[in-house]
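Summary of structural features
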Amino acid sequence: MFYRIYDIFMGYAARIYGKVVHLLYVRPILSGISEQALILEIGAGYNPHFTKDKFPNVFHLDHATADDLRAKYARDPHVGHLTDRIQNVDFVSDGSPIEDLIPTELRFDIVFSSHSLEHQIDLIGHLLSIGKLLAPGGRLLLILPDYRCSFDAFRYPTVTSDAILVHREPRKVHRGKQIFDHLTRTVDINPIRRLRAPDRAAAKFNYPLAAGLDALENAEREDAKYEDAHAWVFSPASFRLLLLELYMLGYIRLKVDSISPTYGNQFFVVLHLCEDAASPSAEEIAEFETERLKLIKKTRR
């Protein structure tokens, strides 16, 4: 009985906290975007934030055409009623760098991506592509799932070496490691908040360990077919650490403006492109190292 009352109380508290975070960190950014801004929304699917009726200069990039997306999601009883929100898809991803799909004269004030980055095959390559698509002063806005609040809660957050190794050997499907981790560590609960003791006690794996090994071996084959997965998992601190290390090592030129606390099962990130490609000074490196250590400590809590 005590745990039930506690769970109800914590549920209310989490919802109130989430609304406050959204009000302070997310709404001011999104509501401040001009309706005339040139926008690229990636992976909107059945839940676009920027619709063409309100934002005449928005372009949508997705993994399939609008008709194919409607057919796909119409079969899903959970989201089938949302298919009328699917926007016309301007650019269909074919696995090549996304800047190759978009005319060179299009450079965007805003690139927006919600619950999409974690599915990308080459995380570094994807961020590099977005950097090429931003207009001067443009921003990348991300909404990312916090792995601690979902079926990924028993996984380990993505580390920088994972992203670098995948980027050095580009492929059109996920690596076996990502597929293995996705299958063997996900569980059958998705509380949309931080897991608590009763959640952990009741959780069960979605797949047996042997299924993960089979999938790993299949993913490493030359003729492997694409299998969707959360290839990358983050918390606010681990994502900030990942971006900092990739920036320090010269892999990306995107820098953080802000990262919100977690609200619900997600957090909000604002990035800008650093135009100055000069190597960091010794003083900057020392500052980066201090910040890096602080972030590593946060991720170990």
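Okay, so let's go over this structure. (Residues numbered from 1 in each chain as written. Predicted model: local features only at pLDDT ≥ 70, side-chain atom pairs only at ≥ 80, totals over all residues. Heavy atoms only, no water.)

Moving on, we come to the overall build of the protein chain. Helices and strands together make up the secondary structure of the protein chain, namely nine helices and seven strands. Its C-alpha atoms give the protein chain a radius of gyration of 20 Å, within 12% of the compact-globule value 19 Å for 301 residues. Overall size of the protein chain, expressed as C-alpha extent along the three principal axes, is 60 × 55 × 45 Å. Sequence-distant contacts, at least 24 apart, represent 72% of the contacts inside the protein chain between residues at least 6 apart. (Helix = DSSP H or I, 4+ residues; strand = E, 2+ residues; numbered from the N terminus. Rg over C-alpha atoms; globule rule 2.2 N^0.38 Å. Contact = heavy atoms within 4.5 Å.)

The strand order β3-β2-β1-β4-β5-β7-β6 describes an open sheet built from seven strands, whose pairing is mixed. Only two strands of the sheet have a single neighbouring strand rather than two, namely β3 (91-92) and β6 (254-259). Sheet topology note: the strand β5 (residues 134-145)/strand β7 (residues 266-273) ladder contains seven bridges and is antiparallel. Opposite Leu141, over in β7, you have Val270 as the bridge partner. Here helix α3 (residues 123-133) sits on the sheet and contacts β1 (39-42), β4 (108-114), β5, β6 and β7; the angle it forms with β5, its principal contact strand, is near 145 degrees. (Pairing = 2+ DSSP bridges. Axes fitted to C-alpha atoms, helices over the stretch in contact; angles between N-to-C directions.)

For the rest of this paragraph, the subject is the pattern of salt bridges. Throughout the structure, instances matching the rule amount to 13 salt bridges. Glu99 is paired through a salt bridge with Lys132; the nearest N and O atoms lie 3.3 Å apart. In this pair, Glu99 sits in the loop between β3 and β4 while Lys132 sits in helix α3, placing the two residues 33 residues apart along the sequence. The salt bridge partner of Arg292 is Glu289, with a shortest N-O separation of 2.9 Å. With a gap of three residues between them, Arg292 and Glu289 both fall in helix α9 (residues 282-299), about one helical turn apart. A cluster of three or more residues bridged by salt bridges with shared partners is formed by Asp162, Lys177 and Asp181. (Salt bridge = Lys/Arg side-chain N within 4 Å of Asp/Glu carboxyl O.)

Moving on to the pairing of β1. Where burial is concerned, the two faces of β1 agree: the one with Ile39 and Glu41 and the one with Leu40 and Ile42 are both buried. Both β1 and strand β2 (residues 58-62) contribute to a ladder of four bridges, which runs parallel. Note that in β2 the partner of Ile39 across the bridge is Val58. (Buried < 20%, exposed > 50% of the residue type's maximum accessible area, 1.4 Å probe, protein only.)

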